[in-house]
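Results of the structural survey
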Amino acid sequence: MKFIKKHLKLIVFVLTFLAIYLIYIGVGNKKIIYTSLGDGFASGLNPYLNNDYAYSDFLTDYLKKKNQLRKFYNGFSDDNMMIKDLKNDILINIKDKDNHNLKQDLRETDLLTISVGINDFR
């Protein structure tokens, strides 16, 4: 009993470290499902009104390079999307061109980026 009282901090530290390590082993190597929603900023619309490389493409490339990407959904981005459009799309559960349901993709996704609102200022 005296040993436990004397080394209580060490015991707590070791148990905490062990718990963190076990959690990391269990979920640390999980591959990510990434979904990008939004307006032209999410789809790569540049100042010249051409679709180009977006931040979601950079993030996707980074995750692929680290071998952490399982799936990437960006079929729900539209150049003219407004906040009310995104809300309606979620409520009616639209499908993209690959026949993915928006709500199902949102349930499965681990990483979600949303960029809407730039078209609301028009």
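For the structure given in this document, a descriptive report is provided here. (Residues numbered from 1 in each chain as written. Predicted model: local features only at pLDDT ≥ 70, side-chain atom pairs only at ≥ 80, totals over all residues. Heavy atoms only, no water.)

This part takes up the environment of Lys97. Relative to the elements of secondary structure, Lys97 occurs in the loop between α5 (83–92) and α6 (102–108). A relative accessible area of 78% places Lys97 in the exposed class. (Helix = DSSP H or I, 4+ residues; strand = E, 2+ residues; numbered from the N terminus. Buried < 20%, exposed > 50% of the residue type's maximum accessible area, 1.4 Å probe, protein only.)

Turning our attention to the side chain of Asp89. Its place among the elements puts Asp89 in helix α5. With no salt bridge to any partner, buried Asp89 finds its closest opposite charge in Lys84, at an N-O distance of 12 Å. Non-local contacts of Asp89, meaning those with residues more than four positions away in its chain, are made with Met81, Ile94 and Leu102. (Lys, Arg positive; Asp, Glu negative; His and termini not counted. Salt bridge = Lys/Arg side-chain N within 4 Å of Asp/Glu carboxyl O. Contact = heavy atoms within 4.5 Å.)

A few words now on the nonpolar core. Leu37, Phe76, Met81, Leu86 and Leu102 form the largest nonpolar core, which has 5 residues in total. When sequence neighbours within four positions are dropped, the list of residues in contact with Leu37 reads Ala42, Phe76, Ser77, Leu86, Leu102, Leu106, Leu112, Thr113, Ile114 and Ser115. (Core = buried A, V, L, I, M, F, W, Y, C linked by side-chain atoms within 4.5 Å.)

What follows deals with a nonpolar patch on the surface. A cluster of nonpolar side chains, contributed by Leu10, Ile11, Phe13, Val14, Leu15, Phe17, Leu18, Tyr21, Leu22, Tyr24 and Ile25, occupies part of the molecular surface with about 1100 Å² of accessible area. Assignment of secondary structure puts Val14 in helix α2 (residues 8–27). (Patch = residues over 30% accessible without salt bridge, like charges linked within 9 Å, V, L, I, M, F, W, Y side chains within 5 Å. Areas by Shrake-Rupley, 256 points an atom, 1.4 Å probe, with all protein chains shown as cover.)

Attention now moves to the sheet that holds strand β2 (residues 69–73). Strand order across the open sheet formed by 3 strands is β2-β1-β3, with parallel pairing between neighbours. Edge positions in the sheet fall to β2 and β3 (111–115), since each of these pairs with one other strand and no more. Between one strand and the next, the sheet's axes are offset by a mean angle of 15 degrees, whatever the strand orientation. With 5 bridges connecting them, strand β1 (residues 32–38) and β3 associate as parallel partners. (Pairing = 2+ DSSP bridges. Axes fitted to C-alpha atoms, helices over the stretch in contact; angles between N-to-C directions.)

Positive phi outside glycine occurs at Asn67, with the angle close to 60 degrees. Locating Asn67 in the fold gives a position in the loop between α4 (55–65) and β2. Its relative accessible area of 51% is what places Asn67 among the exposed residues. Despite not being glycine, Asn93 has its phi angle at roughly 55 degrees, a positive value. If you trace the backbone, Asn93 turns up in the loop between α5 and α6. Overall, Asn93 belongs to the partly exposed group, its relative accessible area being 26%.

This next bit is on the pairing of β1. Counting buried residues along β1, 7 of its 7 residues qualify, which places the element largely inside the surrounding structure. Residue alternation in β1 divides its side chains into two sets, Ile32, Tyr34, Ser36 and Gly38 and Ile33, Thr35 and Leu37, and both sets are buried. As paired strands, β1 and β2 are joined by 4 bridges and run parallel to one another. Bridging from a neighbouring strand, Thr35 pairs with Tyr73 of β2.

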